[in-house]
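Topology and contacts: notes
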Amino acid sequence: MVKTLQEINEKIKKGQAVIVTKEELLDLIEKKGIERVAKEVDVVTTATFGPMCSSSAYINTGHTRPKVKLGGGKATLNGVPVYTGFAAVDITIGATAMPDDDPRNAVHPGEFKYGGGHVIEELVAGKDVALEATAYGTDCYPRKELKTWINLKDVNEAVLFNPRNAYQNYNVAVNLSDRTLYTYLGVLKPNLGNANYCSAGQLSPLLNDPFYKTIGVGTKIFLGGGIGYVAWHGTQHNPGGLRGENGVPKRPLGTLAVIGDLKQMSSKWLKGVSFVGYGTTLSVGIGIPIPILSEETLKYAAVKDADIYAAIVDYSDAYPNGKTDIVGEVNYAQLKSGEIEIKGKKVPTSGMSSYSKAQEISEILKSWIKKGDFTLTDPVAPLPSADSGYKLRPLNERPIK
Amino acid sequence: MTTSKRIVLKFPKSKIDQPIVYKLIKDYDLSFNILRANIMPDDEGLMVLELIGEDANIKNGLDYLKKQDVNVQPLEKDIVVNWEKCTQCGACVAQCPVGALYIKDRKTMKVEFDPEKCIACELCVLPCPPRAIEVKF
């Protein structure tokens, strides 16, 4: 039994498509079985909401009178340095950028109260943001200084562009040492005090399409509360890594680079966040619809938390020193129960990715598609998959003498 | 009837070098558990106590403290979760030593806060990525 995307989109436009969230899909499969559900259901919505550090927004501020060349000069938004390596008035704000005078970890663990992620959230929330810049001046762009409030509604392009989002699985962090660790996976208490994970598990988009058969370049998605698209495979994309028998990654494998118009997004789904002792970043909400084209597509999209395994990694030694040994493996049903057992010890778990917000996004995306104006796109190019030979490489240092 | 009450005490600068709380034991027949104490030479003093004793004695003990110009507030008012900022990630849950922050419904994975259990240790505050937990002393 095979459906085409075109057939499904026709049904969507007529308001006849059967669209369910991933959680609803699991209930249906239990009641009716894979064969029936593959025929009856057209689209399943998957989602995730969590911290995604490789996120940014690029903006064209518009020209001043007289003109100023931010490109090659220095500029900040609310005190946070922005990248000015583009043309005159194009700037990029990165999620992890911080004010020059932020003490960072001078007194460890630093608070990291404010950074690029917070600036992006404030812009999207419609707040005025301070643009301060110095320029070296040219004949065509004579001005050397600029201090002005800007607002998202007044700038030209404002585009969310995230080089790496929606990780396909991730590590579970633990701390085998005797001092507290402050990491991007949160605060890790000593001696296996807690285990932190970060994935939407069975709701997570790429975990529902493990070999990237439906998600590819050009896939239309929910991004930050608005419409976005998959632009490319994300950085550190590693399709050839370890998978279980069902093809589901057991380690962090695929990633997505995503893009979308910031002006139609919402600060509810793009949040500046602070990781004590680590840094600032942006929490991003992403939702991806998966067309049920065949029983095979459905089998992949039927994956449950109990089927998805992750590696327990020690962040006191193995992770920072790039060692590949792991403490063990555990599945997301175990992690979400609130407690797992490691080396005979009961260890409480904490998620850093919000499962309840992911559920909300999957419902919102479902409602968008039901309205009839959000049709699914056929990728214009595939993401490198497991058989492509595409491999994640370390940096083999060649010191400069 | 023996009860316990958690209170936040703020001592004015003029009083921080004077022994005051010992009288709660000596004159008001109360026992207490010090949950937090912060006395800064240049600033006001702060103490979070769990007072244990008869209702009437607790009331009289608190009146005595107020007469000493000590500001008395019940503890529950002071830890606030800003649910608008909360992203429901659950990072706080494993940090809370007393289970005041917890996830009860493991299907919705929604974070909940029980102020009755909170001891204002503040271990949840900095690990919260959106900094949704506010400590108001």
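All residue numbers refer to positions counted from 1 along the written sequence of the respective chain. Lettering of chains starts at A and numbering of ligands starts at 1, both following the order in which they are written. Only residues with pLDDT of at least 70 are given local features in this predicted model, and only at 80 or more are side-chain atom pairs given and counted; all residues enter the totals for whole chains, interfaces and linings.

**Examining the confidence of the model for chain B**
- Per residue, pLDDT measures the predictor's confidence, with a range of 0 to 100. Taken as a whole, chain B shows an average pLDDT of 90; of its residues, 96% reach a score of 70 or greater.
- Overall fold confidence for the complex sits at a pTM of 0.88, while the interface term, ipTM, reaches 0.90.

**Here we look at the pairing of strand S18 (residues 279–291) of chain A**
Residues and elements named next belong to chain A.
- For S18, a buried count of 13 out of 13 residues is recorded, marking the element as mostly surrounded by other parts of the structure.
- Using C-beta atoms placed from the backbone, we call a residue buried if 20 or more other C-beta atoms fall within 10 Å of its own, exposed if 12 or fewer do, and partly exposed for counts in between. Here a helix means four or more residues in a row that DSSP labels H or I, a strand means two or more in a row labelled E, and each is numbered from the N terminus. The side-chain alternation of S18 yields two buried faces, one formed by Gly-279, Thr-281, Ser-283, Gly-285, Gly-287, Pro-289 and Pro-291 and the other by Thr-280, Leu-282, Val-284, Ile-286, Ile-288 and Ile-290.
- Two strands pair when backbone bridges link them, and strand S14 (residues 220–223) and S18 are joined in this way by two bridges, in the antiparallel orientation. Paired with Phe-222 across the bridge in S18 is Gly-287.
- Examined bridge by bridge, strand S17 (residues 270–275) and S18 share six bridges and lie antiparallel to one another. Across the sheet, residue Gly-272 finds its bridge partner in S18, namely Leu-282. In short, DSSP must find at least two bridges between two strands for them to pair.

**A short note on the pairing of strand S22 (residues 345–351) of chain A**
Residue and element names in this part refer to chain A.
- In this sheet, S22 lies alongside strand S13 (residues 195–197) in parallel orientation, the contact comprising three bridges. Note on S22: the bridge partner recorded for Ala-195 is Thr-349.
- Between strand S21 (residues 339–342) and S22, which pair antiparallel and follow one another directly, the connecting turn spans two residues, one of which, Lys-343, has a positive phi of 50°.

**Structural notes on the domain arrangement of chain B**
- Domain segmentation is taken from an automatic or database assignment of domains. Along its sequence, chain B is carved into domain 1 (2–75) and domain 2 (82–137).
- Placing the centre of domain 1 of chain B and that of domain 2 of chain B at their C-alpha centroids yields a distance of 27 Å.

**Quick word on helix H1 (residues 5–14) of chain A**
Residues and elements named next belong to chain A.
- Considered for burial, the residues of H1 that qualify are Ile-8, Asn-9 and Ile-12. Relative to the axis of H1, the buried residues are bounded by an arc of 100° and lie together on one face. Projecting away from the buried face of H1 at angles above 90 degrees are the exposed residues Gln-6, Lys-13 and Lys-14.
- Just downstream of H1, Gly-15 is the residue with a positive phi angle, here 75°. What the arc measures is the spread of directions leading from the helix axis to the C-beta atoms.

**A few points about the interface of chain B and chain A**
- Working definition of a contact: two residues with C-beta atoms, positioned from the backbone, lying within 7 Å. On the side of chain A, 25 residues touch chain B, which itself brings 18 residues to the contact.
- Under the grouping applied here, Gly and all other residues not named as nonpolar or charged are polar, the nonpolar ones being Ala, Val, Leu, Ile, Met, Phe, Trp, Tyr, Cys and Pro and the charged ones Asp, Glu, Lys and Arg. Grouping the constituent residues of the side of chain B that touches chain A by class yields 10 nonpolar, five polar and three charged.

**Re the sheet that holds S13(A)**
Residue and element names in this part refer to chain A.
- Spatial ordering of the open sheet is given by S20-S19-S10-S13-S22-S21, a layout of six strands whose pairing is mixed. Edge positions in the sheet fall to strand S20 (328–331) and S21, since each has one partner strand and no second. Shown here is a sheet whose adjacent strand axes are inclined to one another by a mean of 35°, direction ignored.
- Bridging between strand S10 (residues 172–174) and S13 involves two bridges; their strand directions are antiparallel. Across the sheet, the residue bridging to Val-172 is Tyr-197, located in S13. The angle between two axes is taken between their N-to-C directions and runs from 0 to 180 degrees, where each axis is a line fitted to C-alpha atoms and a helix contributes only its stretch in contact.

**Focus on the sheet that holds strand S3 (residues 45–54) of chain B**
Residue and element names in this part refer to chain B.
- Spatial ordering of the open sheet is given by S2-S3-S1-S4, a layout of four strands whose pairing is antiparallel. Two strands bound the open sheet, and with one partner strand each, they are strand S2 (31–39) and strand S4 (71–74). Strand-to-strand twist across the sheet, computed as the mean angle between neighbouring axes with direction ignored, equals 25°.
- As paired strands, S2 and S3 are joined by eight bridges and run antiparallel to one another. Bridged to Ala-37 within S3 is Met-47.
- Helix-sheet contacts for helix H2 (residues 55–67) involve strand S1 (2–11), S3 and S4, and the interaxial angle to S3 is about 155°.

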